[in-house]
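For reference, the chains in residue letters:
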Amino acid sequence: MTKKIRKVVIPVAGRGTRFLPATKVIPKEMLPIVDKPLIDYAFEEAISAGIETFIFITGKDKSVITDYFDKSIELEAFLRDKGKHEAIDSIIKILPDSGSIVSIRQREPLGLGHAVLCAQDIIGDEPFAVILPDELLISDPPCLKSMIESYVSLGGNLIATMKVPKNETSNYGILDIESISDDIISVNRMVEKPKTRSAPSCFANIGRYILDPVVFSNLKKQQPGVNGEIQLTDAINSFDSSVPFHAKIFKGQRFDCGSKIGFLEANLALALERPDLSDKIRSSILKLLK
Ligand code: G1P
């Protein structure tokens, strides 16, 4: 029987250089999609999957991320004085239980694998989830929840995947496929950012993982890979072949909020789905397109 997935690692140490100058003083994870910061979507996805402990791997100037998930006594008092009850609700409903947020500083940006390794002592010897918050995934049930449902029978390592255009494969971890059955792919290995012509498929890793804790021993031995970084992909490939490796095909909307276009598209798409904004944003778009 598989163990319950109780903990998630959310790496947020990146410098967000693609969003400069905005990210000179604001972490990119705090940039808003409609009226919530990007990080909130990852957090809600984790909550809906039953996660109890949220481990942020942070870097310099990222403390506002943990502040965001903390109680703001002063702001609540201010809003109460002004009678702004809806606004109070909006800041209270995001508050996690005391003790459920852990923040770990990654001293140097040595890669995603290294960021995950920083969480080893907090995770211990149990399987855990990883969410890359740049990848905003909207679906019902949410991606991680539906992965956990499959993980119960699959065990091992499981990631989420989606097909991407061939000419974009070099931006992702790409799956070398053994077989496909419905929405579950049995994976031979994953190739991190392959050259387009040598991509083994068009199925990309879209930033959701459920991992066996043995990944930490693999990461400790891992040499730098693509871009000179310690790659999580390489540590997953280093598992013994007796450990199953699957990918679940994601069915829903995906926005790559690490890119400007993906970020803007997410804002439009989610605004179009909001009852309070939908009509107005629709007519704004039509007006702009004239
Ligand atoms: C990371 C992973 C890659 C994955 C991607 C998804 O790459 O290493 O396997 O496909 O996220 O966005 P990054 O975009 O951090 O370079």
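Quick note: structure is the one above.
### Some remarks on the packing of aromatic side chains
Argument step 1. If you walk through the whole model with that rule in mind, you get 6 aromatic pairs.
Argument step 2. Summarising the aromatic geometry, the rings of F19 and F263 are spaced 5.4 Å apart at their centres and angled 65° between planes, so their arrangement reads as edge-to-face. With F19 in the loop between β1 (7-11) and β2 (32-33) and F263 in helix α10 (residues 260-272), the pair connects residues that are 244 residues apart, well separated along the chain.
Argument step 3. In this structure F19 comes out as buried when scored by relative accessible area, which is 9%.
Argument step 4. Arranged with centres 5.1 Å apart and planes meeting at 10°, the rings of F128 and F216 form a pair that is stacked. You can see F128 sitting in strand β6 (residues 128-131) and its partner F216 sitting in helix α8 (residues 215-221), a full 88 residues away along the chain. This pair shows no difference in class: F128 is buried, exactly as F216 is.
Argument step 5. Of the aromatic side chains, those joined through ring pairs into one cluster are F43, F54, F56, Y68 and F69.
Argument step 6. Above the ring of Y41, the side-chain terminus of K36 is found at 4.5 Å from the ring centroid.

Thresholds, definitions, all that
Residues numbered from 1 in each chain as written. Predicted model: local features only at pLDDT ≥ 70, side-chain atom pairs only at ≥ 80, totals over all residues. Heavy atoms only, no water. Phe/Tyr/Trp six-rings, centres within 6.5 Å; stacked < 30°, edge-to-face > 60°. Helix = DSSP H or I, 4+ residues; strand = E, 2+ residues; numbered from the N terminus. Buried < 20%, exposed > 50% of the residue type's maximum accessible area, 1.4 Å probe, protein only. Lys NZ or Arg CZ within 6 Å of the ring centre and 35° of its normal.

None of this, on its own, says anything about what the molecule does.
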